[in-house]
Amino acid sequence: MKYRKLENTDLELSEVTFGAWAAGGWMWGGTERKEAIQAIKVSYSLGVTSIDTAPIYGQGTSEEIVGEAIKGIPRDKVQILTKYGMRWDLKKGDFAFSSKNNSGTDIDIYKYAGKESIIKECEDSLKRLGTDYIDLYQIHWPDSTTAIEESMEAVGRLIDQGKVRYAGVCNYDAKQLAEAEKYVGVVSDQVPYSMVKRGIESELIPYCLDHHKSILAYSPLERGLLTGKMKPGFKFADGDHRASVPFFKDENLRRTALFLNQISPIAVEKRLTLSQLVILWTLAQPGITIALVGARNAEQAIVNAKAIDNTLSTQEIEIISGYLGNLELVP
């Protein structure tokens, strides 16, 4: 495993960071708790020391799984990244969407990052995670009903109390990031980035490079689209949110498969899976600090971690990007 330092911190994160959304089961058709815990433990044994989770992932389930998986590991040997600002137990803030929890009960999700809510969420997360501090605490989504100043100052208070080490944001654009920076030392922005979702390249990446902010890329495999395992006609399990995502329309699965066939000779030559090739390409892009990659079981976790055993040449990256320039997905 290789590691990269978050800008303006002493945090060294593993280039492949374990993304624990799917581990929580919510919106992924459920979870097998023992397999999720084993996936995290196997990842750690291969050098994946950084884990990203959130309270909303399974309404506490993901954080509990992470807490159980890291029990017994010296606390300074693992980096815990979690979030705040999405409530399923409080109807306040920006309504996000309606959903069902892992038990099938209807729930409404709100984006809310008021001061007292953040303080409560932090305490709840610490308990579920079984720790007394969080390495990187991130607002999950912008909340238009709460001033950024209020949210960031609340995190600053948690940093002063020693419950949080560093402040991060998620899904912020450059303007929001600049505003947040006025009130607390924001070190990172966690945003979606993949071969087929590259919108951040135009403004956010240049801003972060200029202002020394790290970018944590989530969904680099585009929730499985870029693994090569899905073909037209693929059926998702009940409760899996991907069934309604345009990326997974049959036509897009067909077009993606053609692109992956074009780059597969590079994977074969380097003895990589397609997903490993995609992870390496992602990490080679300007401004990207680490890649958040999920795993439902130990087998997937091993594949993800071992991607870092290899490297791509400049020429190979250019070849892949060239083929990618011809890939156009339908809305």
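One structure accompanies this document, and this report is about it. (Residues numbered from 1 in each chain as written. Predicted model: local features only at pLDDT ≥ 70, side-chain atom pairs only at ≥ 80, totals over all residues. Heavy atoms only, no water.)

When its secondary structure is counted, the chain shows 10 helices and 13 strands. At 19 Å, the chain has a C-alpha radius of gyration in line with the 20 Å of a compact globule built from 331 residues. Along the first, second and third principal axes, the C-alpha atoms of the chain reach 55 × 45 × 40 Å. In the chain, once contacts between residues fewer than 6 apart in sequence are set aside, the share between residues at least 24 apart is 73%. In the chain, which carries 39 positive and 44 negative side-chain charges, the distance between the mean positions of the two groups comes to 4 Å. (Helix = DSSP H or I, 4+ residues; strand = E, 2+ residues; numbered from the N terminus. Rg over C-alpha atoms; globule rule 2.2 N^0.38 Å. Contact = heavy atoms within 4.5 Å. Lys, Arg positive; Asp, Glu negative; His and termini not counted. Charge placed at Lys NZ, Arg CZ, Asp CG, Glu CD.)

Next up on the list: the pattern of salt bridges. This structure, assessed with the given rule, holds 22 salt bridges. Here Arg223 ties to Glu222 by a salt bridge, and the two come within 3.2 Å at their closest N and O atoms. The pair Arg223 / Glu222 is uniform in exposure class, with both members buried. Taking the shortest distance from any N to any O, the salt bridge between Arg254 and Glu251 comes out at 2.6 Å. One end of the pair is Arg254 and the other is Glu251, both in helix H7 (residues 250-269) and three residues apart, which spans about a single turn. Given the relative accessible area of 39%, Arg254 is considered partly exposed. (Salt bridge = Lys/Arg side-chain N within 4 Å of Asp/Glu carboxyl O. Buried < 20%, exposed > 50% of the residue type's maximum accessible area, 1.4 Å probe, protein only.)

Listing the buried residues of helix H6 (residues 204-211) in full gives Leu204, Ile205, Tyr207 and Cys208. Seen from one end, H6 has its buried residues packed into an arc of 160°, which puts them on one side. Buried positions along H6 lie against helix H5 (174-180), strand S11 (186-192), strand S12 (214-218) and strand S13 (288-294). His212 sits one or two residues past H6 and shows a positive phi near 60°. (Arc of directions from axis to C-beta.)

Take the pairing of strand S10 (residues 164-170) next. Look at any regular strand and the pattern is simple: side chains alternate between the two faces of the sheet. Within S10, six of the seven residues are buried, leaving the element largely enclosed by the surrounding structure. In terms of handedness, the path from strand S9 (residues 134-139) via helix H4 (residues 148-160) over to S10 forms a crossover that is right-handed. Viewed along the sheet, the connection from S10 through H5 into S11 turns out right-handed. (Right-handed = clockwise from strand over helix to strand, strands pointing away.)

Another aspect to go through is the nonpolar core. Among the nonpolar cores identified, the biggest contains 87 residues, and Tyr137, Met152 and Ile320 are the most heavily contacted of them. Residue contributions to this core peak at seven residues, all from helix H8 (residues 274-283). Contact partners of Ile320, with chain neighbours within four places excluded, come to Met195, Phe259, Ile263, Ile266, Leu277, Trp281 and Leu312. (Core = buried A, V, L, I, M, F, W, Y, C linked by side-chain atoms within 4.5 Å.)

Moving on: a negative patch on the surface. The grouping of Glu116, Glu149, Glu150 and Glu153 at the surface amounts to a negative patch. Residue contributions to the negative patch peak at three residues, all from H4. Since its relative accessible area comes to 34%, Glu150 is described here as partly exposed. (Patch = residues over 30% accessible without salt bridge, like charges linked within 9 Å, V, L, I, M, F, W, Y side chains within 5 Å. Areas by Shrake-Rupley, 256 points an atom, 1.4 Å probe, with all protein chains shown as cover.)

Within the secondary structure layout, Ser117 lies in helix H3 (residues 115-129). Residue Ser117 is classed as buried on the basis of its relative accessible area of 6%. Distance in space between the C-alpha atoms of Ser117 and Tyr84 is 8.6 Å, their sequence separation being 33 residues. If near-sequence neighbours (up to four positions away) are discounted, Ser117 is found in contact with Arg87 and Tyr112.

Pairing in this open sheet of three strands is antiparallel, and the strands run S6-S8-S7 from one edge to the other. The open sheet has two free edges, formed respectively by strand S6 (86-87) and strand S7 (94-100), since each of these has just one partner strand. The pairing of S7 with strand S8 (residues 106-111) spans six bridges and is classified as antiparallel. Bridge pairing links Asp94 to Lys111 in S8. (Pairing = 2+ DSSP bridges.)

The contact between helix H1 (residues 33-45) and helix H2 (residues 61-69) brings their axes to 9 Å, and the two run at 55°. Taken together, the axes of H1 and H2 lie oblique to each other. The chirality of how H1 crosses H2 is right-handed. Only Thr61, Glu64, Ile65, Val66, Glu68 and Ala69 of H2 make contact with H1, whose side of the interface consists of Arg33, Ala36, Ile37, Ile40 and Lys41. Across the contact of H1 with H2, the residue classes break down as six nonpolar, one polar and four charged. (Axes fitted to C-alpha atoms, helices over the stretch in contact; angles between N-to-C directions. Parallel < 35°, antiparallel > 145°, perpendicular 65-115°, else oblique. Left-handed = near helix turned anticlockwise from the far one by under 90°. Nonpolar A, V, L, I, M, F, W, Y, C, P; charged D, E, K, R; others polar.)

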